[in-house]
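Report on the structure
So you can see what is in the structure, the chains are spelled out below.
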Amino acid sequence: MAMEDYKPCAAMVVTQCIYAAMALWSKAVFSGGMSPLVFVVYRQAVATVVLVPIVVVANRKKMKEMVSLGVVGFSLVFVASLVGATVNQCLYYQGVNLGSSSMATAMTNLIPAITFVMAASVGLEKVEVRRPRSLAKIFGTAVCVSGAMSMAFFKGPKLLGDLHALLLHSPAGGGISRWVVGALFLIGSSSCWSLWLILQVPICKSYVDPLSLSAWMCLLSTLQSALLVSFLQPDPAAWRIHSLFEISCCLFSGVFGSGVTFYLQSWSISVRGPLYSAMFNPLNTVLTTVIAAVVLREELHVGSLFGAFAVIAGLYVVLWGKAGDGGGKRGRETEEEHADDLEKTVTRSDSMLEAGGGIAEPLLRAESDPVEMEK
């Protein structure tokens, strides 16, 4: 019985380790010359090859329903794929390339706060300024945003080095601008993922199977990103894979970043609920930062670490605010009127990992009982 209690924790730790490995590995291949945009195409293609056979086997008797989306349904899935998979991953990996893997994983902790702002803006999230929990969500969002801005614009001196050496050997203006642009790309990626979560409300009302929806999104994203690369990088040489290291990274991202984490995260959410899954996000940041500093020789800066800690602290404040939603009977009834659709949608979306590069957890409402996933 005791071992059963530890299984969800072990599953989430393995999931975060996979995400950290993906961030570090992708940074290494980009440093070796591989194009981030081409990497997105290969990753989505591998994910499609992995997921489509699984969908076919799991839904043999319902293949007509899986294939026929209808005009409206296909349009919604196409837009969701464009925003949540294609643009999201292109911005994310460009941010990894221009910035650092540790900053990239830290920025993904913004997703719950951004989702809260977007959901409140369209009326899917109830905000009552007189309630401590609502104030916590607002305050946590502000802390997250402040931390992200600190990471982007206040790099600061090196943590392991003297300030004098930094001043004498500081990077040129182009280096600073690359860091800022990379941070802005990562913020844009988190915003795209949050918008994708909101788009799931109309999609999942008519298309409720998360596995086949993930396969559709991976397929469409492969085509979209390939078309995007053909315009932005018309040189055929950009498509070349130069080493087994690059091939392994693409395969790992598609197979483990999709198939393995899909199963582990879906199962953990069904057992312990979505907030339990979101609480493990900072582990990815910590692992990536430590390993990147030791293996990839990434430099740690005071401003970046301060911003990362602020983002993580803001994340937990937002999650604490969400944990109180629907705690009592009256609170539950009020919340259900405004956020029931969003909760069901983002619960499913946690299992659709391909749309976010495997690094983001949405803002979710905690329940006293575990949230059951539709399989």
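Read on for an overview of the structure. (Residues numbered from 1 in each chain as written. Predicted model: local features only at pLDDT ≥ 70, side-chain atom pairs only at ≥ 80, totals over all residues. Heavy atoms only, no water.)

Details of the overall build of the protein chain
Counting secondary structure elements, the protein chain contains 15 helices and 0 strands. Across the 375 residues of the protein chain, 52% fall into the buried class. Taking all contacts inside the protein chain whose residues are at least 6 apart in sequence as the whole, residues at least 24 apart take part in 89%. Total accessible area on the protein chain stands at roughly 16,500 Å², and carbon and sulfur atoms take up 70% of it. (Helix = DSSP H or I, 4+ residues; strand = E, 2+ residues; numbered from the N terminus. Buried < 20%, exposed > 50% of the residue type's maximum accessible area, 1.4 Å probe, protein only. Contact = heavy atoms within 4.5 Å. Areas by Shrake-Rupley, 256 points an atom, 1.4 Å probe, with all protein chains shown as cover.)

Comments concerning the packing of aromatic side chains
The tally for this structure, following the rule as stated, stands at 11 aromatic pairs. Aromatic pair W193 and W196: ring centres 4.6 Å apart, planes at 15°, arrangement stacked. Of this pair, W193 and W196 are both found in helix α9 (residues 173-206), 3 residues apart, which corresponds to roughly one turn of the helix. Accessibility assignment for this pair places W193 and W196 in one class, buried. Over the aromatic face of W320 sits the side chain of R133, whose NZ or CZ is 3.9 Å from the ring centroid. (Phe/Tyr/Trp six-rings, centres within 6.5 Å; stacked < 30°, edge-to-face > 60°. Lys NZ or Arg CZ within 6 Å of the ring centre and 35° of its normal.)

Some words on the packing of helix α2 (residues 36-58) against helix α10 (residues 210-232)
For any two helices packed against each other, the geometry is given by the interaxial angle and the distance between the axes. Between α2 and α10, the shortest axis-to-axis distance is 8 Å and the interhelical angle comes to 155°. It follows that α2 is roughly antiparallel to α10 by the angle criterion. Crossing hand, α2 versus α10: left-handed. Of the residues that constitute the contact of α2 with α10, the class distribution is 18 nonpolar, 7 polar and no charged. (Axes fitted to C-alpha atoms, helices over the stretch in contact; angles between N-to-C directions. Parallel < 35°, antiparallel > 145°, perpendicular 65-115°, else oblique. Left-handed = near helix turned anticlockwise from the far one by under 90°. Nonpolar A, V, L, I, M, F, W, Y, C, P; charged D, E, K, R; others polar.)

Quick notes on the side chain of Q224
Take Q224: it is sitting in helix α10. Polar contacts involving the side chain of Q224 include one to the side chain of T86, which spans 2.7 Å. (Polar contact = N/O pair within 3.5 Å; in protein donor to acceptor, adjacent residues only side chain to side chain.)

Description of the side chain of T86
Tracing the backbone through its elements, the reader meets T86 in helix α4 (residues 70-98). A relative accessible area of 2% places T86 in the buried class. In terms of polar contacts, T86 uses its side chain to reach the side chain of S221, at 3.1 Å. In contact with T86, other than residues within four places in its own chain, are S81, S221, Q224 and S225.

As far as function goes, none of this settles anything; it's purely spatial.
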